[in-house]
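Residue-level listing of the chains:
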Amino acid sequence: MRVVFCGGGTGGHVYPALTVARALMQRWPVTILYVGVRGKIDQELVAREGIDFKAVTARPLRTGTLPGT
């Protein structure tokens, strides 16, 4: 089984994902990939768990009213 996790660069996203990943790895033969933001805490935490990490470039989502509305 292959599973992909992703998060937003904070511990609030990473720790729950890693908990689920650990549970999956204990029960089944599974390949896990974590997709996260380069240079954020998730990259370091995921590496400690020995899980493959794919870095993406991301920035905050702009919110508010759209121009012309």
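Relevant structure appears above.
Here the structure is a predicted model, which is why all the values come from computation and not from measurement.

A. Quick look at the sheet that holds strand E2 (residues 31–37). Pairing within the open sheet is parallel, and its 3 strands lie in the order E1-E2-E3. Two strands lie at the open edges of the sheet, namely strand E1 (2–6) and strand E3 (52–56), each paired on one side alone. In this sheet, neighbouring strand axes are inclined to one another by 25 degrees on average, regardless of whether the strands run parallel or antiparallel. Sheet analysis places E1 next to E2, joined by 5 bridges and oriented parallel. Counted as the bridge partner of Val-4 is Leu-33 from E2. In this fold helix H1 (residues 11–27) packs onto E1 and E2, with an angle of close to 170 degrees to the strand it touches most, E1.

B. Structural detail: helix H2 (residues 41–48). Among the residues of H2, those classed as buried are Asp-42, Leu-45 and Val-46. Down the axis of H2, the smallest arc covering the buried residues is 100 degrees, so these residues share one side. Exposed positions of H2 whose direction lies more than 90 degrees from the buried face are Ala-47 and Arg-48. Of the surrounding secondary structure, the elements contacted by the buried residues of H2 are H1, E2 and E3. Just downstream of H2 lies Gly-50, where phi reads positive at about 75 degrees.

C. View of H1. In this model, H1 (17 residues) spans 24 Å end to end at C-alpha, consistent with the 24 Å of a helix rising 1.5 Å per residue. If you check which residues of H1 are buried, you get Gly-11, Val-14, Ala-17, Leu-18, Ala-21 and Leu-24. Taken end-on, H1 shows its buried residues confined to a sector of 155 degrees, consistent with a single buried face. Facing away from the buried side of H1, by more than 90 degrees, are the exposed residues Gly-12, Gln-26 and Arg-27. The elements touched by buried residues of H1 are E1, E2 and H2.

Parameters and conventions
- Residues numbered from 1 in each chain as written.
- Predicted model: local features only at pLDDT ≥ 70, side-chain atom pairs only at ≥ 80, totals over all residues.
- Heavy atoms only, no water.
- Pairing = 2+ DSSP bridges.
- Helix = DSSP H or I, 4+ residues; strand = E, 2+ residues; numbered from the N terminus.
- Axes fitted to C-alpha atoms, helices over the stretch in contact; angles between N-to-C directions.
- Contact = heavy atoms within 4.5 Å.
- Buried < 20%, exposed > 50% of the residue type's maximum accessible area, 1.4 Å probe, protein only.
- Arc of directions from axis to C-beta.
- Expected span 1.5 Å × (residues − 1).

By themselves these figures say nothing about function.
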